[in-house]
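Results of the structural survey
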Amino acid sequence: MTKHLTIVKHPLVQHKLTLMRQVDTPTAVFRQLLREISQLLAYEITSELDMTTKHINTPLQEMDAPVLAGKKLALISILRAGNGLLDGVLELIPSARVGFVGLYRDEKTLLPIQYYFKVPTELEDRIVITVDPMLATGNSSVAAIDLLKKAGANNIRFMCLLAAPEGVQRMKEAHPDVPIVTAAVDEKLNDHGYIVPGLGDAGDRMYGTK
Ligand code: URA
């Protein structure tokens, strides 16, 4: 992908996002919507994957038909909210390898603390799609991508549902080589590091915690 930031303005994405923002949307509906949007975002983030052809037989005749070529995919979920995007993407790309980066946000400093890191082997030979619904300060995303690069990844994309301008800027400065695909860029971060208008805490809304 060549653009640093892609906002997916597809009507279905925008409609589903509005439903997710609403405070009275139940947990189960929120999770289902996130799964559905993740597949529409995955459509965009994979739209420039390399293709080749394969010689096949249809019931009627032979043909050279298009198939994916080149690098294999790895999906990396930033725990825990990343899992809400991961499930839907994995349904579309079932052969992708999957990794997890566990980071939590210190509520005072807003800085990410690592507690888990498990990723597929040969990351250097894979297209890595990192998923996390909320790109807020950008601290966790930047830290996760630092770790992935240290582990060998050199072709990374970042998929989120909502971004704050601050997070987009932070990613652009720290990782200009990592394209971002999102459904929207909201107005700003509030003093607690939440995206506004936003949708609240994505993990809490997915899992019904507080
Ligand atoms: N993480 C969330 O889940 N929501 C925000 O608004 C910011 C970070």
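Residues numbered from 1 in each chain as written. Predicted model: local features only at pLDDT ≥ 70, side-chain atom pairs only at ≥ 80, totals over all residues.

Attention now moves to the overall build of the protein chain. When helices and strands are tallied, the protein chain shows six helices and 14 strands. A compact globule built from 210 residues would reach a C-alpha radius of gyration of about 17 Å, and the protein chain, at 18 Å, matches this within 12%. Once the C-alpha set of the protein chain is aligned to its principal axes, its extents read approximately 60 × 40 × 30 Å. By residue count, 35% of the 210 residues in the protein chain fall in the buried class. Residue pairs at least 24 apart in sequence account for 63% of intrachain contacts in the protein chain once pairs closer than 6 positions are excluded. (Helix = DSSP H or I, 4+ residues; strand = E, 2+ residues; numbered from the N terminus. Rg over C-alpha atoms; globule rule 2.2 N^0.38 Å. Buried ≥ 20, exposed ≤ 12 C-beta atoms within 10 Å, placed from the backbone. Contact = placed C-beta atoms within 7 Å.)

Turning our attention to helix α4 (residues 139-150). Between its first and last C-alpha atoms α4 spans 17 Å; for twelve residues at 1.5 Å apiece the expected length is 16 Å, and the two agree. For α4, the complete set of buried residues consists of Asn139, Ser140, Ser141, Val142, Ala144, Ile145 and Leu148. With its phi angle positive at about 115 degrees, Gly152 sits one or two positions after the end of α4. (Expected span 1.5 Å × (residues − 1).)

Below, the discussion takes up the UniProt feature "binding site: uracil" (unreviewed entry) in the protein chain. Under the local residue numbering, the UniProt record ascribes the feature "binding site: uracil" (unreviewed entry) to Ile195, Gly200, Asp201 and Ala202. Its location among the elements puts Asp201 in the loop between β14 (195-196) and α6 (202-207). Among the secondary structure elements, Ala202 is positioned in helix α6. Overall, Ala202 belongs to the buried group, with 25 C-beta atoms counted inside 10 Å. For Ala202, the residues in contact, after removing those within four places along its chain, are Ala81, Gly84, Pro133 and Met134. (UniProt positions renumbered as here; feature names shortened; annotations may be inferred.)

Our focus in this paragraph is the site of the ligand. Neighbouring residues of the ligand: Ala81, Met134, Ala136, Gly193, Tyr194, Ile195, Gly198, Asp201, Ala202 and Gly203. Residue composition of the shell around the ligand, grouped by class: six nonpolar, three polar and one charged. (Near = placed C-beta within 6 Å. Nonpolar A, V, L, I, M, F, W, Y, C, P; charged D, E, K, R; others polar.)

For strand β4 (residues 72-79), a buried count of six out of eight residues is recorded, marking the element as mostly surrounded by other parts of the structure. Here six bridges tie β4 to strand β7 (residues 126-131), and the two strands are oriented parallel to one another. Looking at β7, one finds that Lys72 is bridged to Arg126. As paired strands, β4 and strand β5 (residues 97-105) are joined by six bridges and run parallel to one another. Residue pairing for β5: Ile78 is matched across the bridge by Val101. (Pairing = 2+ DSSP bridges.)

Residue Leu79 is joined to Arg80 through a cis peptide bond whose omega torsion reads -5 degrees. Among the structural elements, Arg80 can be located in the loop between β4 and α3 (82-92). In this chain, Val196 is followed by Pro197 through a cis amide linkage whose omega measures 0 degrees. If you trace the backbone, Pro197 turns up in the loop between β14 and α6. One non-glycine residue with positive phi stands out, namely Glu122, at about 50 degrees. Here Glu122 shows up in the loop between β6 (112-118) and β7.

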